[in-house]
Amino acid sequence: MRIWLSLALFCLQAASLQAAITPEELRGLAYAGDIDGAEQALRQAHAESLDGTISFAELRELATILNVSHPDVIEFVKDWLLKYPTSPYAKSLRAFQMRETAWRLRGTRFVSDTHPDALHAFSDLQNRGMNLALEAYADAPDYVLASDAVFTHQLTTKRLDWDTVGVVVDDVMTATPSRDSLMRISLLTLPQWGGVGHQGIVALCEQYAGQITDVEEGYSPDVCTIDLIHSTTPSNQAKSYAARLLGDSIHPNMLRARLRRAAERKNDEDQELILSFLSHVGVSDYEFAEHLARHVRHNDRVEEQMHALDARWQAEASIAIAHDPYNSDLIDILLRKYSLPMSFSYSPDNERAEILIRRHATAVLFDGSAWARAASTLNGELTAMDPALADPFFVNAIYYSDYYPDQIAAMIDFKSRTYAEHQLMVDYNAPLNMTDDEVVAELLCPIVRLDRLFREVCDVSPQPDGACSDLTLWARFYPVAIERVSTEGLCQKEQTAPISELMYQPMRPDMNALHEGIANR
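Residues numbered from 1 in each chain as written. Predicted model: local features only at pLDDT ≥ 70, side-chain atom pairs only at ≥ 80, totals over all residues. Heavy atoms only, no water.

Along helix α15 (residues 268-278), the positions that sit buried rather than exposed are Asp 270, Gln 271, Ile 274, Leu 275, Phe 277 and Leu 278. Looking straight down α15, one finds its buried side chains confined to an arc of 160 degrees; they lie on one side. Turned more than 90 degrees from where α15 packs its buried face, Asp 268 and Glu 269 sit exposed. Packing partners of the buried residues in α15 comprise α14 (255-265), α16 (286-293) and α17 (300-320). The backbone nitrogen of Glu 269 lies 3.1 Å from a side-chain oxygen of the residue at the head of α15, namely Asn 267. (Buried < 20%, exposed > 50% of the residue type's maximum accessible area, 1.4 Å probe, protein only. Helix = DSSP H or I, 4+ residues; strand = E, 2+ residues; numbered from the N terminus. Arc of directions from axis to C-beta. Contact = heavy atoms within 4.5 Å. Polar contact = N/O pair within 3.5 Å; in protein donor to acceptor, adjacent residues only side chain to side chain.)

Let's shift gears to the confidence of the model for the protein. Mean pLDDT for the protein: 92, with 94% of residues reaching 70 or above. Ignoring residues within four places in sequence, the model shows residues 1-19, a span with pLDDT below 50, making 7 contacts including any to other chains. (pLDDT = per-residue confidence, 0-100.)

Within the chain, Lys 266 stands out as a residue other than glycine whose phi angle is a positive 60 degrees. One can find Lys 266 in the loop between α14 and α15.

A contiguous patch of negative charge on the surface is contributed by Glu 24, Glu 25, Glu 58 and Glu 61. When residues of the negative patch are traced back to their parent elements, those giving at least two are α2 (23-32) and α4 (56-63). Structurally, the position occupied by Glu 58 is in helix α4. (Patch = residues over 30% accessible without salt bridge, like charges linked within 9 Å, V, L, I, M, F, W, Y side chains within 5 Å. Areas by Shrake-Rupley, 256 points an atom, 1.4 Å probe, with all protein chains shown as cover. Salt bridge = Lys/Arg side-chain N within 4 Å of Asp/Glu carboxyl O. Lys, Arg positive; Asp, Glu negative; His and termini not counted. Charge placed at Lys NZ, Arg CZ, Asp CG, Glu CD.)

With that settled, consider the nonpolar core. Residues Trp 80 and Trp 313 are the most contacted members of the largest nonpolar core, which totals 161 residues. Ranked by residues supplied to this core, first place goes to helix α24 (residues 436-460) with 12 residues. Setting aside anything within four residues of it in sequence, one finds Trp 80 in contact with Ile 35, Ala 38, Glu 39, Leu 42, Leu 66, Ser 87, Tyr 89, Ala 90 and Leu 93. (Core = buried A, V, L, I, M, F, W, Y, C linked by side-chain atoms within 4.5 Å.)

So, in structure tokens, the structure goes:
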């Protein structure tokens, strides 16, 4: 009996090792906190990618399911790295998480329009991510996620000199040649990242296209060049070069180039090609799809297809955001920030929209305008509740806008309007949510503090077209609050403290409210 049980357990163990884990199962291990299981799963998948059991694309799909903004998954990967400090799987995943966070915080604005704290965080996260990427690659140079991490972080850190990059490229394309590896390498040729332009892509394709086996037959250097040029947002010069090569070929890896050409030519055949693409494109490519949709001739059929596309994106994003709750693209999609050639006839979910707007502010963190937009969603909801819950949104809007007067005026308006509504409840003997001491501490004294900051910034940098021209136009109940403060001699600390002591520091909002509806909670 004991021998039979041992044999059965051995067979079950062998079967489990042979069974390929799915991305969803790997995510389940993360939610369950099963670090050992995740390490074993990726170690096995890594080996299977090298013996041909799974493709490099399947390995990437498996591992990147954990490259998300879900706080539980981020903590899981951190813990994974602590338990397995030499794991190339944990290191590369953490590097990619850092990269995604860095870009989310930094945004895509010009440096002059980006908060210094965002630039600092971006640089710090990118450099720490590159450290992990290089360690992962040193530990497992044949693990494609490790080399992917090195190439993507090299874009921003420029850690390796060009000779070293060339050695790594050659090693990767010899050991683990794949189209996706070459695509990431090609990003280093982009002029905006210090590269030589599309001629660099031509050279890469001439050298390595013949080594790539995970594409359909016919992936010649010319097809490779067209493919990689159109895998990004190409310059006009690069597009012109690719157009001269394009011809009538319909190789699958040239689809993007053909779609861009179709958007420009706009004949009947081109229209059908675009509509065929739009019939299945998902949210991961929504910006390109939105661009193409603007180039189709509108009719009843197109109207119907655009409604179907909108519904598909909304459904897909609704599912995805449960696992990636601070993904800015998913939030933008669910807020319908895209524009499709169709008549909208949907009923917005205002409650969900408000949560998403607040979540977006937390995600981008250093964007004062995002915090201001989030603050604008709170006025009606929190006026009769606990007004202090709104403080982080207003304070962060002020801090990250560098004390823009209009943002200060917005918080004055919220506080003074809440005070006026409280006094109305007092006059009508209605049940009160705040004691008078709380009113002074949470409404009146903050108004005094804000008023002094407002007058200081308006004196230093007058803005005649904004709130500085007349605060009462922006906060009409402000005089009522200030009158009580003056009459009763309240808030002496706020009235007499040096301006430097009245300045704000960033605040963290209630995250529990923002986590409503996310997975694993």
